[in-house]
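Here are the chains, one letter per residue:
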Amino acid sequence: MKAIRRFSVRPVLPESLRPLSELARNLRWSWHPETRELFQAVDPEGWQAAGGDPVRLLGSVSASRLADLAEDRRFLRRLAAAADDLDDYLVGQRWYQTADPELPAAIAYFSPEFGITAALPQYSGGLGILAGDHLKAASDLGVPLIGVGLLYRHGYFRQSLSREGWQQEQYPVLDPNELPLSMLREPDGRPSQVALALPGGRSLRAYIWQARVGRVPLLLLDSDVEENGPGERDVTDRLYGGGSEHRLLQEMLLGIGGVRAVRTYCWLTGHPAPEVFHTNEGHAGLLGLERIRELGEGGLDFDAALEAVRAGTLFTTHTPVPAGIDRFDRELVARHFGEGGELPGVDLGRILGLGMETYPGGEPNLFNMAVMGLRLAQRANGVSTLHGKVSREMFAGLWPGFDPEEVPITSVTNGVHAPTWVAPEVLELGARQVGLDHAEDALAGGASPSWDALADIPGEEIWELRRTLREQLIEEVRTRLYASWRQRGAGTAELGWIDGVLDPDVLTIGFARRVPSYKRLTLMLRDRDRLMRLLLHPERPVQIVVAGKAHPADDSGKRLVQDLVKFSDDPRVRQRIVFLPDYGMAMAQKLYPGCDVWLNNPLRPLEACGTSGMKAALNGALNLSVLDGWWDEWYEPDFGWAVPTADGSATSEERRDDLEAVALYKLLEERVAPCFYDRGRSGLPDRWIEMVRQTLVSLGPKVLAGRMVREYVERLYAPAARAHRTLDEEAARELAAWKARVRAAWPRVAVDHVEASAATEVGGSAELGATLALRVRVALADLGPDDVEVQAVAGRVDGEDRITDSVAVPLKPTGGTDTEGRRLYEGPLALNRTGPFGYTVRILPSHRLLACPAELGLVAVPSETTGEAAGVLMR
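Residues numbered from 1 in each chain as written. Predicted model: local features only at pLDDT ≥ 70, side-chain atom pairs only at ≥ 80, totals over all residues. Heavy atoms only, no water.

A. Expanded view of the side chain of D133. With respect to the helices and strands, D133 occurs in helix 7 (residues 126-141). Exposure remark for D133: the relative accessible area of 1% places this residue in the buried category. Within the structure, D133 has its side chain in polar contact with the side chain of W421 (distance 3.0 Å). If near-sequence neighbours (up to four positions away) are discounted, D133 is found in contact with G115, G415, V416, H417, W421, K615 and A705. (Helix = DSSP H or I, 4+ residues; strand = E, 2+ residues; numbered from the N terminus. Buried < 20%, exposed > 50% of the residue type's maximum accessible area, 1.4 Å probe, protein only. Polar contact = N/O pair within 3.5 Å; in protein donor to acceptor, adjacent residues only side chain to side chain. Contact = heavy atoms within 4.5 Å.)

Below, the structure is given as structure tokens:
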């Protein structure tokens with residue numbers, strides 16, 4: 001019989017064991033080995049059965065075992081020490097508390113998914129894992145972050161395989177009461193709620209659940225509320241599920257409801273209100289509209305409220321392709337924000353204008369969440385240097401007249417939370433070298449002396465560690481492979497071969513990630529005979545562990561999975577290549593350390609960052625990757641290999657895959673495998689071991705989430721907080737009025753004439769060190785010199801006279817207006833570079849409250865008839 005209602009019955013902890021509940025409810029245990037060891041000691045078998053989840057463990061441990069522990073003095077001493085350590089971690093001074101006192105009082109960090117631990121399955125892939133690592137690193141550094149997301153009752157899907165290797169999805173129901181969560185409640189004990197108005201007089205209500213991620217509260221909104229209708233109750237049913245309206249409702253709840261949840265949380269707990277709002281990808285972008293509504297209720301008009309909101313908002317884009325962005329039909333958005341919908345008092349036309357693709361090549365009837373996110377944020381960034389460049393090119397239409405390199409999107413390269421991803425054995429090896437405290441500090445913040453000391457680890461210890469980690473991975477692989485084959489319908493009698501799958505002395509390659517086509521899961525299968533020879537080489541064999549999920553609606557991705565599975569099912573190679581279904585955090589924590597090489601072969605430049613290779617590197621694995629994402633930025637031959645890219649414009653996609661697959665095989669055959677198997681005088685692969693050392697010493701400090709979060713604080717959060725404080729109501733009104741005046745006048749702003757004189761100029765050339773005297777006449781319409789900056793822009797020129805590697809030199813106004821209302825600007829231009837050189841002049845809006853000159857997307861440049869000297873100077 002099936003139960004009509006499900007709930008959890010928890011044992012009552014004896015008084016002396018009460019600290020166990022606090023330790024279980026704070027997710028710091030997920031990256032703190034001592035706390036996990038304490039829970040394992042409560043009930044070793046129960047810990048295994050609970051999947052390493054303390055909340056599940058405490059819900060199942062017997063009353064007699066608890067009674068025994070309550071009298072166990074040794075256990076109670078360990079428990080007291082763990083509780084004291086957590087208390088010190090939560091209230092003690094950390095990096096943020098000793099840094100600049102002008103840093104933001106609080107930052108709200110919004111993301112559609114968070115990968116904190118396998119015990120809280122609220123993530124699908126890299127975006128969620130990155131968000132989880134961001135919160136954990138912020139906690140370690142003492143950054144006062146508030147995380148905001150949604151609580152998906154089905155999470156993301158669990159993956160299994162049919163007998164034919166086709167991906168199948170299951171959506172297990174998650175009970176929040178069985179998760180490490182607590183419900184936010186009002187002073188009278190009622191559950192706190194947020195509510196959104198929907199068309200037709202309906203409403204969408206949501207509970208607010210809280211997860212404690214160390215020092216950081218994570219608020220998760222849950223629409224499974226009895227007062228909701230069936231459709232509204234299912235809004236947070238599953239991650240990235242449903243059609244367009246379902247997704248829009250999720251994003252309304254995340255952005256608008258999320259701001260209301262933050263306000264409720266701060267009111268109930270006394271937590272400082274956020275000064276900075278960080279939108280992690282466009283899904284949460286509607287948070288800016290809610291904040292405009294709040295300011296409108298306080299008396300600010302839309303334009304002034306928009307300026308105030310933008311000042312304290314940061315938008316991070318994670319996608320390098322337009323197809324990865326949520327776009328909604330204009331009418332759908334209008335219906336939900338029109339009469340009877342959300343955000344009353346906010347003009348619908350202005351809302352729609354923020355998201356419309358009003359630029360060449362845009363779709364005028366689509367509401368683009370990334371475009372809205374960029375328009376609502378004064379600061380924006382990509383997640384690697386290359387991705388920042390790609391993003392500037394992709395969104396350049398929002399800043400017409402500016403070269404892509406001037407588009408105001410910077411980059412902060414992602415990092416990974418080392419305490420989560422570094423194997424205990426790797427930490428132990430580092431601790432033997434520098435001491436446990438120094439090793440833990442290095443993982444949290446990247447203290448360089450500790451990382452440098454790793455260069456002195458004896459080669460035999462590194463090699464022994466690598467074999468140990470390989471053995472652990474093989475044990476995990478065999479267990480998971482056996483369970484997968486049983487799910488596929490195989491009988492016990494036909495699975496004896498699994499006991500011989502993989503070899504702890506064979507070069508082991510890992511490949512695990514989501515399975516969109518651009519990540520090219522099956523590039524390794526391009527020449528199956530050649531791959532088979534690699535796997536079965538008599539002296540230098542290779543073995544490969546593959547994992548990954550295709551989106552449930554992506555049949556092409558599922559076919560890629562099936563192709564890989566069918567190849568790995570072949571009895572000739574199945575002991576050398578395996579596909580493991582249900583890739584997630586628990587699997588990843590074994591997979592990254594156990595691989596010798598981490599493979600990544602996306603289509604460049606479609607990998608925004610690719611943090612899985614970072615996690616592998618922190619465990620001493622070497623990267624073999626296309627130069628994309630973070631690898632393009634930090635690759636060096638001392639610690640890995642670069643797969644050449646066949647990215648010529650005349651190369652078809654098929655041809656490109658063929659060429660890059662050949663390059664991959666060649667690298668494995670001629671460089672990677674020989675390096676692993678060639679032994680020096682000591683009997684060890686000396687070159688390989690040295691590359692592992694260089695990976696740890698050189699890459700280790702760079703790939704840390706602690707480094708990433710410090711960059712966000714110093715380069716983005718702190719300036720955003722200063723802008724937020726500066727843009728009070730009066731300043732916001734001033735800036736909005738100035739922008740309106742500038743936009744109205746700009747069609748009549750022009751560069752009227754340019755003159756240049758240089759005594760050394762002869763026949764279109766000049767000598768290095770000469771100086772041009774520029775005289776520029778401009779029309780400023782109703783604007784004055786304080787409203788603009790007139791610049792000379794100079795640099796090298798290419799064959800089409802485009803200026804590259806440019807430098808901007810401000811010119812100064814001389815005197816008042818002439819009889820035609822023009823103004824004269826003058827200034828020197830030093831000719832400090834040899835070779836083809838050119839310059840032009842331009843006019844930009846200028847105001848003390850602008851974050852950058854390109855903010856308005858307005859620029860005036862010379863026409864072809866402005867002046868002979870307004871083009872290329874030297875050839």
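Having seen the structure, we can now continue with the description.
B. The nonpolar core, seen in detail. Among the nonpolar cores identified, the biggest contains 113 residues, and L507, M524, I544, L624, W641 and W688 are the most heavily contacted of them. In terms of residue count, helix 26 (residues 653-677) provides more of this core than any other element does, ten residues in total. Beyond its immediate stretch of four places on either side in the chain, I544 contacts I509, M524, L531, L535, R576, I577 and V578. Formed by 98 residues, the second largest nonpolar core is a distinct cluster that contains A261, L300, L783 and Y839. (Core = buried A, V, L, I, M, F, W, Y, C linked by side-chain atoms within 4.5 Å.)

C. Seen up close, the packing of aromatic side chains. According to the stated counting rule, one finds 18 aromatic pairs in the structure shown. Geometrically, the ring pair formed by W641 and W688 is tilted, given 5.7 Å between the ring centres and 40° between the ring planes. With W641 in strand 20 (residues 640-643) and W688 in helix 27 (residues 686-699), this pair connects stretches of sequence that are 47 residues apart. For W641, a relative accessible area of 3% puts it in the buried group. (Phe/Tyr/Trp six-rings, centres within 6.5 Å; stacked < 30°, edge-to-face > 60°.)

D. Region of the structure containing the pairing of strand 7 (residues 203-213). When you tally the buried positions in strand 7, you get eight out of eleven residues, the bulk of the element. With two bridges connecting them, strand 5 (residues 182-183) and strand 7 associate as antiparallel partners. Paired with M183 across the strands is W209, a residue of strand 7. Relative to strand 7, strand 6 (residues 193-197) is paired through five bridges, and the arrangement is antiparallel. Counted as the bridge partner of A195 is R205 from strand 7. Counting the residues between successive antiparallel strands, the hairpin from strand 6 to strand 7 contains five residues, one of them, G200, with a positive phi of roughly 80°. Alignment of strand 7 against strand 8 (residues 216-222), held across seven bridges, turns out to be antiparallel. The residue of strand 8 that forms the bridge with Y207 is D222. (Pairing = 2+ DSSP bridges.)

E. Quick peek at the packing of helix 20 (residues 459-487) against helix 23 (residues 585-594). It is at 8 Å that the axes of helix 20 and helix 23 come closest, and there the two elements cross at 140°. In this view, helix 20 runs oblique relative to helix 23, as classed from their interaxial angle. You can see that helix 20 and helix 23 cross each other, and the crossing is left-handed. Facing helix 20, whose interface residues are R466, L469, R470, Q472, L473, E476 and R480, helix 23 presents A586, M587, K590, L591, P593 and G594. Of the residues that constitute the contact of helix 20 with helix 23, the class distribution is six nonpolar, two polar and five charged. (Axes fitted to C-alpha atoms, helices over the stretch in contact; angles between N-to-C directions. Parallel < 35°, antiparallel > 145°, perpendicular 65-115°, else oblique. Left-handed = near helix turned anticlockwise from the far one by under 90°. Nonpolar A, V, L, I, M, F, W, Y, C, P; charged D, E, K, R; others polar.)

F. Broad picture of the sheet that holds strand 25 (residues 812-817). Judged by pairing direction, the sheet is antiparallel, and its four strands sit side by side in the order 21-22-26-25 without closing on themselves. With partners counted over all chains shown, the strands left at the sheet margins are strand 21 (750-757) and strand 25, one partner each. When strand polarity is set aside, the average angle formed by the axes of neighbouring strands in this sheet is 20°. Inspection of the sheet shows strand 22 (residues 771-779) paired to strand 26 (residues 822-830) by nine bridges, in the antiparallel sense. Bridged to V776 within strand 26 is Y825.

G. Highlighting the sheet that holds strand 17 (residues 577-580). Taken in spatial order, the six strands line up as 17-16-15-18-19-20 in an open sheet, and their pairing is parallel. Two strands close off the open sheet at either side, each with one partner strand: strand 17 and strand 20. Taken over all neighbouring pairs, the strand axes of this sheet differ in orientation by 20° on average, direction set aside. In this sheet, strand 17 lies alongside strand 16 (residues 542-547) in parallel orientation, the contact comprising four bridges. Bridge assignment links A547 to a residue of strand 17, and that residue is L580. With respect to the sheet, helix 21 (residues 528-535) is in contact with strand 16 and strand 17, its orientation differing from that of strand 16 by roughly 115°.

H. The side chain of D582, seen in detail. Here D582 lies in the loop between strand 17 and helix 23. Of note is the side chain of D582, whose polar atom sits 3.4 Å from the side chain of K549.

I. Main features of empty space enclosed by the protein. In the structure shown here, the tally under the stated rule is nine cavities of 30 Å³ or more. Its boundaries defined by the atoms lining it, the largest cavity holds a volume of some 240 Å³. Every residue lining the largest cavity is counted, 21 residues in all, and those nearest its centre are V426, G430, L443, W451 and L454. Mapped onto the lining of the largest cavity, the elements with two or more residues apiece are helix 17 (424-434), helix 18 (436-445), helix 19 (448-453), helix 20 and helix 27. Broken down by element, the residue count for the lining of the largest cavity peaks at five residues, all from helix 17. The class makeup of the residues in the lining of the largest cavity is 16 nonpolar, four polar and one charged. (1 Å grid on protein atoms, 1.4 Å probe; cavity = no way out; pocket = protein on both sides within 12 Å on 5 of 7 lines; lining within 4 Å. Points joined across faces, edges and corners; volume = space filled by probe spheres on them.)

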